Protein chains: 2
Amino acid sequence: MSDIAKAAGVSVATVSNTINDTGRMTEETKARVKKAMQELGFVRDYNAAKLRSGRSRLIGVLVPDISVPFYAEFCTSLEAALSEHGYLPVIANVGEDTKRQQTMLEEVIGHGVAGIAISPSAGTKRSDFEIASTRKIPVVTFCREIEGLAMDYIGSNNYQAAQLATKHLLEQGHRKFAMIAGLQETMPGRERKRGFYDALKAAGIPEADIHVEVCGFDRECGRIKAQELISNQTEFTALLCHNDLVSVGAAAELKKAGRNIGEDLAVVGFDNLPEGEAWTPALTSVESYPRTIGKDVANLLIKRLDGDTAPTMTERVEPHLLVRDSSRFQV
Amino acid sequence: MSDIAKAAGVSVATVSNTINDTGRMTEETKARVKKAMQELGFVRDYNAAKLRSGRSRLIGVLVPDISVPFYAEFCTSLEAALSEHGYLPVIANVGEDTKRQQTMLEEVIGHGVAGIAISPSAGTKRSDFEIASTRKIPVVTFCREIEGLAMDYIGSNNYQAAQLATKHLLEQGHRKFAMIAGLQETMPGRERKRGFYDALKAAGIPEADIHVEVCGFDRECGRIKAQELISNQTEFTALLCHNDLVSVGAAAELKKAGRNIGEDLAVVGFDNLPEGEAWTPALTSVESYPRTIGKDVANLLIKRLDGDTAPTMTERVEPHLLVRDSSRFQV
DNA sequence: CTGAAAGCGCTTACAG
DNA sequence: CTGAAAGCGCTTACAG
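Quick caveat, the model's predicted, so the values are computed rather than measured.

What counts, and at which threshold
- Residues numbered from 1 in each chain as written.
- Chains lettered and ligands numbered in written order.
- Predicted model: local features only at pLDDT ≥ 70, side-chain atom pairs only at ≥ 80, totals over all residues.
- Heavy atoms only, no water.
- Helix = DSSP H or I, 4+ residues; strand = E, 2+ residues; numbered from the N terminus.
- Buried < 20%, exposed > 50% of the residue type's maximum accessible area, 1.4 Å probe, protein only.
- Contact = heavy atoms within 4.5 Å.
- Areas by Shrake-Rupley, 256 points an atom, 1.4 Å probe, with all protein chains shown as cover.
- Core = buried A, V, L, I, M, F, W, Y, C linked by side-chain atoms within 4.5 Å.

Asker: Requested: an account of the overall build of chain A, with residues and values cited.
Answerer: The helix and strand tally for chain A stands at 13 helices and 12 strands. Dimensions of chain A, computed from C-alpha atoms along their principal axes, come out at roughly 85 × 40 × 30 Å. Within the span of chain A, comprising 331 residues, buried residues form 55% of the whole. The contacts in chain A between residues at least 6 apart in sequence include a share of 71% that link residues at least 24 apart. Within the structure as shown, chain A displays about 14,100 Å² of accessible surface, and the carbon and sulfur contribution to it stands at 49%.

Asker: Let's hear about unusual backbone geometry: which residues, and what values?
Answerer: With the exception of glycine, the majority of residues adopt a negative phi angle, and the majority of peptide bonds are in the trans configuration. All names here are of chain A. Between threonine 280 and proline 281 the backbone carries a cis peptide bond, its omega angle lying at -5°. When you line up the elements, proline 281 lands in the loop between α12 (274-278) and β10 (284-287). Even without glycine at this site, cysteine 143 takes up a positive phi of about 65°. Within the secondary structure layout, cysteine 143 lies in the loop between β4 (139-142) and β5 (152-156). Phi angles above zero are rare outside glycine, and aspartate 271 is one such case at about 90°. Position of aspartate 271 relative to the elements: it lies in the loop between β9 (266-270) and α12.

Asker: Give me the lowdown on the nonpolar core, citing residues and values where you can.
Answerer: By size, the foremost hydrophobic cluster in this structure holds 52 residues, and its most contacted members are A:Phe142, A:Ile293, A:Val297, B:Phe142, B:Ile293 and B:Val297. Looking at this core, the elements that each hand over two or more residues are β1 (58-63), α5 (69-84), β4 and α13 (290-305) of chain A together with β1 (58-63), α5 (69-84), β4 (139-142) and α13 (290-305) of chain B. Discounting chain neighbours no more than four positions away, the residues touching A:Ile293 are A:Phe70, A:Phe74, A:Phe142, A:Ile154, A:Gly155, A:Ser156, A:Ser288 and A:Val317. Of all hydrophobic cores here, the second largest spans 44 residues; its members include A:Leu105, A:Ile118, B:Leu58 and B:Val113.

Right, here's the structure in full:
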């Protein structure tokens, strides 16, 4: 910076003022400085700036696994919104591990991020974020709502999503239900199951006709749980799965076992993955809008960084049911 | 750091030496310092460290779009390998825009990254990387090989992949071919087309029985080009598509038009997307190993950062054909 | 084995 | 409107 100050015949303070456009100098001076920057190929050092000013343009993003389509979509949308405001994401995959989450939180703070977006691992406690709050680094949580955390949160309304799906199945005339629910240690796992259950109870479906299996989040566990349903000869005409990955796995097993999906068996999932739509029959799904969530998380974070001190907010994005051939028929 | 020096009754130099484990002090001193760090909740400031030492633990990652499954897988694997060595990725989506690529390159360098992994946009020139080479920041390119760039490159062997797929189709007895090729401004677009074409010429297939359409990379353009093939009444029993997204789009149109995929028409794609496998019939695909590429890029970058000055290297990961129902039949 | 001090590249009161 | 100087939190020769 002193090089370019020399070249332009001004002081370094003037160079800094030009870069940050504090508007304290004449257009003529600015132009001269900018010309020198061009010629010398100047690239501002954000690190040094942050060291002095305390302000940073990096945002820490902690997700379980960015290769999961939901998070990939989320990150793309978050990155786009951040970059519009001059911010850049530092992304870390933390899996389902609170230890690693703590390490990466520290790591990302060590790198001087201005704010943090995090989908907290199951078992996260309020105190895990002390390291950020001490430093007044705003944190926005998403997707995994943790009870009693009292922090900014944006995610889809999982309870409502499950109710939508279940009511649809009831409307199609189903009376015997099964669900392959996700990990009950996570909020989406619990909420989707609760929505399913509540909708059935409200419709007067007896316990005996509601069967729930619990598993993880992938195709493989859909397959395994479907096999169990088959070998236990559980009776059901409607199957709700925690997400479309589980749906695809379960549907494949059920098809193999001779069930006609879309004719005598309805299968419904969540998250609207292309994979479910590509299936034959196309699988009904509840869209949960990862792109909306990504954009909203970015904007909330930026608002907080701009000094917004409005009370902690919780936003639950409204889901949308996409009825496809796997559940369109009437029983 | 001076606080913890005071607490431990040592100088800041000793604290720094403890953190960086330069091994210059007694275990006893180290223990005392570490205790003070714990108690005061010390988090090292990488920015300040980088400012003084010039060393950084951030890696810039520039991809077209992280929500494309191939790149999502790539990034997960890259991140895992980087984080094993204490590095963290700063990720930017640059689309297909060399202007934005230049901006983000500068941005990422401004944030003090130690190295850069980039899938260069079509039209990237050697001089676009001057900004990095001037600063001696190692750059590893991937997926998009740019001719005459003379830089480290890791990607899949697209030519070989297309040959694998085409030879398979020849072996199944096909004699009339169509291809929906990807953008010819990109190396994968050109190489997959060239591999297809060369394999057919080598087998003595006449020009008249080779039909090539060129489009983008998504389902929609697969759909559009398939419609064109149908309305032009192009004759073919084997269709090769630039990737599985295109395959799915094209296959859907062809099915609608009454073609029996897997019986009188073979469809083959690339990248082994779950979506293609979920299709009925399951679509044959060539796996191109994004996770291997991600890991290798990370390791090469780290080698370069460790001072490896071996000549520029090019690695082309060998592809693998996955034959599924869409092309298993004999003509 | 440990400490005092300079300096990395910026920003920011403060003075003029 | 512009400049001189201090200081952000580290690392690193250098001295002891």
